[in-house]
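# Report on the structure
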Number of protein chains: 2
Amino acid sequence: MSVAAELDENNPAPVKASLEPLMDLVKSDLDETNRIILDRMHSDVELIPTLARHLIAAGGKRLRPVLTLGSAKLCGYEGDRACKLAACVEFIHTATLLHDDVVDESDLRRGNETANVLWGNQASVLVGDFLFSRSFQLMVEDGSLDVLRILSNASAVIAEGEVLQLMNVGDITITQQSYLEVITAKTAALFEAACEVGAVVAGRSEEECKALAMYGNKLGIAFQLIDDALDYSAEQQALGKTIGDDFREGKVTLPVLLAYEQGTEEEKDFWKRVIEAEQSEEDLDQALDLIRKHDTLAATFEEAKRYGETAKSALDIFPDSPEKAALKAAVDFAVERAF
Amino acid sequence: MSVAAELDENNPAPVKASLEPLMDLVKSDLDETNRIILDRMHSDVELIPTLARHLIAAGGKRLRPVLTLGSAKLCGYEGDRACKLAACVEFIHTATLLHDDVVDESDLRRGNETANVLWGNQASVLVGDFLFSRSFQLMVEDGSLDVLRILSNASAVIAEGEVLQLMNVGDITITQQSYLEVITAKTAALFEAACEVGAVVAGRSEEECKALAMYGNKLGIAFQLIDDALDYSAEQQALGKTIGDDFREGKVTLPVLLAYEQGTEEEKDFWKRVIEAEQSEEDLDQALDLIRKHDTLAATFEEAKRYGETAKSALDIFPDSPEKAALKAAVDFAVERAF
């Protein structure tokens, strides 16, 4: 049964996989959020706005702040705090991107050279620290200890996830459990917090706050699973995107983990060598062949779809509304953007 | 007139330059603070406590948390919040040390190999992020928005200072003003916040909070001036400490800035070459000769002493007490530890 068909059952308006309905609903709030972001990333130390602009102005979909704004709207919130807190979420996300540039010598992000390549490790670390601190300054201005608790907890969990990922690099024998732990912490924790904050700012019940937290958590896991699949996607390669970054870094994600687990002894030896010892340019092609042979991108997609369905059902406690339908369509978008 | 003699004037009990009186006054609180630090730097992700322990357990003097505890005591505070907040201050300090390891490829800190050398840039960045987040989690537990405001502001200023320092690297023509801006932000801001928090937790008047903030700010500037002098100190070299780190990094500090400003054309050319272009092993010796020739370490010491005196007079609004005398003696210790 198609995703759209499933949606029909518990949703009057059939919604196809798209981020547009959500974007349309939060448009004016997102404009205000972007204004706050550009305003508050300012510093008299020129390199800070310059470098921050490089990532932030580059834009991207602002998925996380959009989730904060959409969650607040679902909860009927109409004040101006959500925009400020959405900016906090984006600042934390941008700080982690800057520190990721140090973490995984990724060469391209959103098609730009990374800040790291342009300004070096040191600037990436320090400007990330600035944006992280600025995010907490904004939360303090907002004055909600609940919001501060949610986002400081998320920040700690993200760091733990990134360190765990670092410890797993170059180890083909990690468990799916450990992989899931990593993506839940490094990615889903901020999606979860972004959505929960939307409910908290609207003063909703703990049950509703937890429901939106659950929605964000499962969506975040689905989102990262698809990201990890895209890093081996021929379609992406065809679009001129760099693929194989994770492979070159020895970062073991689900498509590789499944190919290894299902592989012949000979294939296992290949994976052991390229992930744990050394690899050459050509090895990526063989890795792609093995991933194709065991069809592990489809399996990763199916896994993402399962998490996406859990994310959507977390919204069941909310009455049907355009916001609810838009948040569900955003899940399908996150899952289906791959194919 | 000696520092001790000056102290006699506005202080009944003559106090010699020493950290001991302050350490003695806060001893039991410091033990509790260390217990909290060791307890709260725990994570199931092993590398985090391992790496954190490397810096934190290495200890050092815990100067910043000691200042929080001493300031709280000066203000007559007797509850248990100060220890937790002192731990927050130490976590922020440790996070900046970890990120500094990335920032300036320093080889030794407190005689140990830096975390960076042992575990790499990525681990240093991420564990720093974890400790920074953990610090905010502790503040949220404490529940004071004033404390959260003070320490989030300090964190943003520190990051700005570090970025400004980065922009100044390799530029011998920076002004003393710009140098002072850097050390005020990267070092004095946390000393200032550490002391102010002690007064805030004691619920003292804004005047008294500001007085302790001023004390911490001036003490922090004096402390960094001496640090910068020590990096060129023959005594340190004799003690087997590495010197010349700043020099090798092209970091222009007051001893060099003064030697450049007072130098002959030929000397200026030397400084231009070694700071802005390239340097060899032997250049450090010539740099030390020029610093000796113009006696700029003494001038830096005098500058530190002036800031130290301002720090001490900031305490004038407080009645004389063992705590006040101990905080003043700590200033003299910070200034005179050099010689």
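Only a predicted model underlies this, so the values are computations on that prediction, with no experimental measurement involved. (Residues numbered from 1 in each chain as written. Chains lettered and ligands numbered in written order. Predicted model: local features only at pLDDT ≥ 70, side-chain atom pairs only at ≥ 80, totals over all residues. Heavy atoms only, no water.)

## Here we look at the overall build of chain A
Note the threshold: Secondary structure elements are defined from DSSP: runs of H or I of at least 4 residues count as helices, runs of E of at least 2 residues count as strands, and each element is numbered from the N terminus. Every residue pair with non-hydrogen atoms within 4.5 Å of one another is taken to be in contact. Using the Shrake-Rupley algorithm and a 1.4 Å probe, accessible areas are obtained, with residue cover drawn only from the displayed protein chains.
Regarding its fold elements, chain A presents 16 helices and 2 strands. Within chain A, residue pairs in contact and separated by at least 24 positions form 76% of the contacts whose partners lie at least 6 positions apart. Just so you have it, chain A exposes about 13,000 Å², and 50% of that area is on carbon and sulfur atoms.

## As for unusual backbone geometry
Notably, A:Asp295 is not glycine yet its phi reads approximately 50°, a positive angle. The residue A:Asp295 is located in the loop between helix H14 (283-293) and helix H15 (296-313) in this model.

## Considering the relation of the copies chain A and chain B
The operation linking the two copies of the chain is a rotation about an axis combined with a translation along the axis. Here is the rule: Least-squares superposition aligns the copies on the C-alpha atoms of those residues with pLDDT at or above 70 in both.
Each copy of the sequence occupies a distinct position, and chain A is placed on chain B by a rotation of 180° and an axial shift of 0.0 Å, giving an RMSD of 0.0 Å. Read as a symmetry element, the transformation amounts to a two-fold axis. The position closest to the rotation axis in chain A is occupied by the C-alpha of A:Val125, lying 3.5 Å away. Most of the interface of chain A is mirrored in chain B, where 100% of its interface residues are also at the interface.

## Focus on the nonpolar core
Put simply, the rule reads: As used here, the term nonpolar core means buried Ala, Val, Leu, Ile, Met, Phe, Trp, Tyr and Cys residues forming a set that is joined through side-chain atoms within 4.5 Å. Accessible area is worked out with a 1.4 Å probe on protein chains only. A residue is then buried under 20% of its type maximum, exposed over 50%, and partly exposed in between.
Residues A:Leu131, A:Leu151, A:Tyr215, B:Leu131, B:Leu151 and B:Tyr215 are the most contacted members of the largest nonpolar core, which totals 163 residues. Those residues in contact with A:Leu131, other than ones at most four positions away along the chain, are A:Met41, A:Ala52, A:Ile56, A:Phe91, A:Thr94, A:Ala95 and A:Leu98.

## A short note on the interface of chain A and chain B
For clarity, the threshold we go by: Buried area: the accessible area, evaluated with a 1.4 Å probe, that two parts lose upon being put together, summed over both parts. Pairing of N or O atoms within 3.5 Å defines a polar contact, subject to two protein rules: one partner must be a possible hydrogen donor and the other a possible acceptor, and residues neighboring in sequence count only if both atoms are side-chain atoms.
With 39 residues of chain A at the contact, the number on the chain B side is 39 residues. When chain A packs against chain B, the two sides together hide about 3,400 Å² of surface, and 75% of this comes from carbon and sulfur. Here chain A and chain B share 6 residue pairs in polar contact (both at pLDDT 80 or more) between them. Contributions of two or more residues to the side of chain A that touches chain B are made by helix H3 (47-56), helix H5 (81-103), helix H6 (115-142) and helix H7 (145-168) of chain A. Sort the elements by how many residues they give to the side of chain A that touches chain B and H7(A) lands first, with 14 residues.

## Some points on the environment of A:Glu32
Its place among the elements puts A:Glu32 in helix H2 (residues 20-40). Distance in space between the C-alpha atoms of A:Glu32 and A:Cys83 is 6.4 Å, their sequence separation being 51 residues.

## Side note on the state of the cysteines
Residues and elements named next belong to chain B. This is how it is decided: Disulfides are defined as cysteine sulfur pairs within 2.5 Å.
Tallied over the entire structure, the rule returns 0 disulfides over all chains. Cys83 carries a free sulfur, and the closest cysteine sulfur to it, the one in Cys88, is 11 Å from it. As a non-bridged cysteine, Cys195 has Cys75 as the owner of its nearest cysteine sulfur, 9.9 Å distant. Judged by relative accessible area, Cys195 falls into the buried class, the value being 0%.

## Observations concerning the packing of aromatic side chains
Residue and element names in this part refer to chain A. Going by this rule: Stacked, edge-to-face and tilted labels apply to pairs of Phe, Tyr and Trp rings (six-membered ring for Trp) whose centres lie within 6.5 Å, assigned for plane angles under 30 degrees, over 60, and everything in between, in that order.
For the structure on display, the rule yields 10 aromatic pairs over all chains. Ring centres 6.4 Å apart and planes at 75° place the aromatic pair Phe247 and Trp271 in the edge-to-face group. Within this pair, whereas Phe247 is found in helix H11 (residues 245-249), its partner Trp271 is found in helix H13 (residues 265-277), the two being separated by 24 residues in sequence. Accessibility classification places Phe247 together with Trp271 in one group, the buried group.

## Some thoughts on the pattern of salt bridges
Just so we agree on the cut-off: A carboxyl oxygen of Asp or Glu within 4 Å of a side-chain nitrogen of Lys or Arg is what we treat as a salt bridge.
Evaluation of the coordinates by the stated rule reveals 42 salt bridges over all chains. Linking A:Arg337 and A:Asp227 is a salt bridge whose minimum nitrogen-to-oxygen distance equals 3.1 Å. Here A:Asp227 lies in helix H9 (residues 206-230) and A:Arg337 lies in the segment after helix H16 (322-336), a separation of 110 residues in the sequence. A relative accessible area of 26% places A:Arg337 in the partly exposed class. Given the relative accessible area of 30%, A:Asp227 is considered partly exposed. Between B:Glu32 and B:Arg35 there is a salt bridge, and its shortest N-O distance comes to 3.0 Å. Highlighted residues: B:Glu32 and B:Arg35, both in helix H2 (residues 20-40), separated by 3 residues, approximately one helical turn. Here the salt bridges do not stand alone but share partners, grouping A:Arg40, A:Lys84 and A:Glu141 into one network.

## Section: the environment of B:Ile226
Take B:Ile226: it is sitting in helix H9 (residues 206-230). Residues B:Ile226 and B:Pro255, 29 residues apart in the sequence, show an inter-C-alpha distance of 10.0 Å.

## Considerations on helix H12 (residues 254-261) of chain A
Of all 8 residues making up H12(A), 7 are buried, and the element is well covered by its neighbours. Looking at the buried positions of H12(A), the neighbouring elements they touch are helix H8 (176-201), H9, H13, H14 and H15 of chain A.

## Comments concerning the confidence of the model for chain A
All names here are of chain A. Quick note on the threshold: A score from 0 to 100, pLDDT tells how confident the predictor is in each residue.
Averaged over chain A, the pLDDT score is 90; the fraction of residues at 70 or greater is 89%. In the model, residues 1-9 has pLDDT below 50 throughout and makes 13 contacts with residues more than four positions away in sequence or in other chains. This model gives residues 104-112 a pLDDT under 50, and the stretch forms 26 contacts once residues within four places in sequence are excluded.

## Here's the deal with the environment of B:Gln262
All names here are of chain B. Relative to the helices and strands, Gln262 resides in the loop between helix H12 (254-261) and helix H13 (265-277). By relative accessible area, which is 43% here, Gln262 ends up partly exposed. Separated by 122 residues in sequence, Gln262 and Val140 place their C-alpha atoms 50 Å apart. Beyond its immediate stretch of four places on either side in the chain, Gln262 contacts His294 and Thr296.

## Re the packing of H12(A) against H15(A)
All names here are of chain A. Convention followed: To define axes, lines are fitted to C-alpha atoms, for helices over the stretch in contact only, and angles between the resulting N-to-C directions are given on a 0 to 180 degree scale. Oblique is the label for any angle not under 35 degrees, not over 145, and not in the 65 to 115 range, which are roughly parallel, roughly antiparallel and roughly perpendicular in turn. Note on convention: near helix rotated counterclockwise from far helix by under a right angle means a left-handed crossing. Clockwise means right-handed.
Here H12 crosses H15 at 125°, and the two axes come no closer than 9 Å. Relative to H15, the element H12 lies oblique. For H12 against H15, the interelement crossing comes out right-handed. Facing H12, whose interface residues are Leu254, Pro255, Leu258 and Ala259, H15 presents Thr296, Leu297, Ala299, Thr300 and Glu303.

## Focus on the side chain of A:Glu208
Within the secondary structure, A:Glu208 sits in helix H9. The contact partners of A:Glu208, leaving out residues within four places of it in the chain, are A:Ala199, A:Ile317 and A:Phe318.

## Quick notes on the packing of helix H4 (residues 63-74) of chain B against helix H8 (residues 176-201) of chain B
Residue and element names in this part refer to chain B. Put simply, the rule is: As a working rule, the residues Ala, Val, Leu, Ile, Met, Phe, Trp, Tyr, Cys and Pro are called nonpolar, Asp, Glu, Lys and Arg charged, and the rest polar, with Gly in that last group.
Taken N-terminus to C-terminus, the directions of H4 and H8 make an angle of 30°; their axes are 7 Å apart at the nearest point. By the angle class used here, H4 and H8 are roughly parallel. Crossing of H4 against H8: the hand is right-handed. Here H4 contributes Leu63, Arg64, Leu67, Thr68, Ser71 and Ala72 to the contact with H8, which in turn contributes Leu190, Phe191, Ala194, Cys195, Val197, Gly198 and Val201. In terms of residue class, the contact of H4 with H8 is made up of 9 nonpolar, 3 polar and 1 charged.

## A short note on H16(A)
Residues and elements named next belong to chain A. Where we set the bar: Take the number of residues in a helix, subtract one, and multiply by 1.5 Å to get its expected span.
Compared with the 21 Å implied by 1.5 Å per residue over 15 residues, the 20 Å span of H16 between its first and last C-alpha is a close match. Most of H16 is tucked away, with 12 of its 15 residues classed as buried. Within the span of H16, buried status applies to Glu323, Lys324, Ala325, Ala326, Leu327, Lys328, Ala329, Ala330, Val331, Asp332, Ala334 and Val335.

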